[in-house]
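Here are the chains, one letter per residue:
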Amino acid sequence: MLQALRRSTRSLETASAGELSQYLGSLSEDQLRGVASNVKGIYHELLFVEAENGDWDHVEAKVKEFTNHPGGDVEFLVDGSTIGEVQLKAVASEALVLEHLARYPEIDIRVTEEVAARMPGIESSGFSNEELTRDVYDRLAELQGDGLFDEISEGLATSSLVSSAIIAGKAARGQHFSGSQIRSFLVDAGIGASTAAVLDVLLIPLTS
């Protein structure tokens, strides 16, 4: 998520987590919504590339150097030579997909699961628009909010384990959940039972 935020604005390319927090804190609600929408699209591209490069085939996926590149967002390479490209759309509307197809009929497109389900013949990227949106708003809210990203290392802050602990800890402070209730919440939210149990260690200082 931090990588996506840095890619969203050239002036943020080398920004630290603290500087990103200050940047978000300076935005109005309307500006923040615009940033969140932009970051979600970039986050989608980065996740797609990571998934493609983890499938053990000989094709490499890479995001384009500039986020406003016309046509495609991600290119496919074999032995360093480009063999194709694809446009990623993290949107809930079919209209934007049809607009791309009209402008760039020769460029493949991948959309979120929800849109693909409504558009026969259009392939899914494998990611849910609802989940992408929730991820982005949760992480940006944490980064903009109370400075928790400054208290732990950047690598840990972007892991699902720690971010889940932070969210659970906040809920516990506000609603006085017990440790067992928090673990149950995390399991219901899709965090594995064994992982949820490990969170006990992380939740102690957050819920005290």
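(A) Focus on unusual backbone geometry. For Asp79, which is not glycine, the phi torsion reads 55° and is therefore positive. You can see Asp79 is positioned in the loop between β2 (74–78) and β3 (81–89).

(B) Seen up close, the pairing of β2. Of all five residues that make up β2, five are buried, and the element is covered over most of its length. Here β2 shows a buried face lined by Val74, Phe76 and Val78 and a second buried face lined by Glu75 and Leu77. Direction of pairing for strand β1 (residues 60–63) relative to β2: antiparallel, over a ladder of four bridges. Each bridged residue has a counterpart across the sheet, and for Val63 the counterpart in β2 is Val74. Pairing analysis gives five bridges linking β2 to β3, with the strands arranged antiparallel.

(C) Molecular detail of the pattern of salt bridges. The tally for this structure, following the rule as stated, stands at eight salt bridges. We note a salt bridge from Glu75 to Lys62, for which the minimum N-O separation is 3.9 Å. In this pair, Glu75 sits in strand β2 while Lys62 sits in strand β1, placing the two residues 13 residues apart along the sequence. By relative accessible area, Lys62 is classed as partly exposed at 38%. The salt bridge involving Glu85 is made with Lys64; its shortest N-O contact spans 2.6 Å. Taken as a pair, Glu85 in strand β3 and Lys64 in the loop between β1 and β2 lie far apart in primary sequence, 21 residues in all. Under the relative-accessibility criterion, Glu85 is labelled partly exposed at 28%.

Cut-offs used in this document
- Every chain's residues receive numbers from 1 upward, in the order its sequence appears when written.
- Totals for whole chains, interfaces and linings use all residues, but because this is a predicted model, local features are given only for residues with pLDDT of at least 70 and pairs of side-chain atoms are given and counted only at 80 or more.
- Hydrogens and waters are ignored; side-chain quantities use all the structure's heavy atoms.
- Each helix is a run of DSSP H or I of at least 4 residues and each strand a run of E of at least 2, with the numbering of both proceeding from the N terminus.
- Exposed residues in this analysis have more than 50% of their type's maximum accessible area, buried residues have under 20%, and partly exposed residues fall in between, with area computed by a 1.4 Å probe over protein chains only.
- The pairing criterion is simple: DSSP has to find at least two bridges between the two strands.
- The salt bridge definition used is simple: a Lys or Arg side-chain nitrogen within 4 Å of an Asp or Glu carboxyl oxygen.

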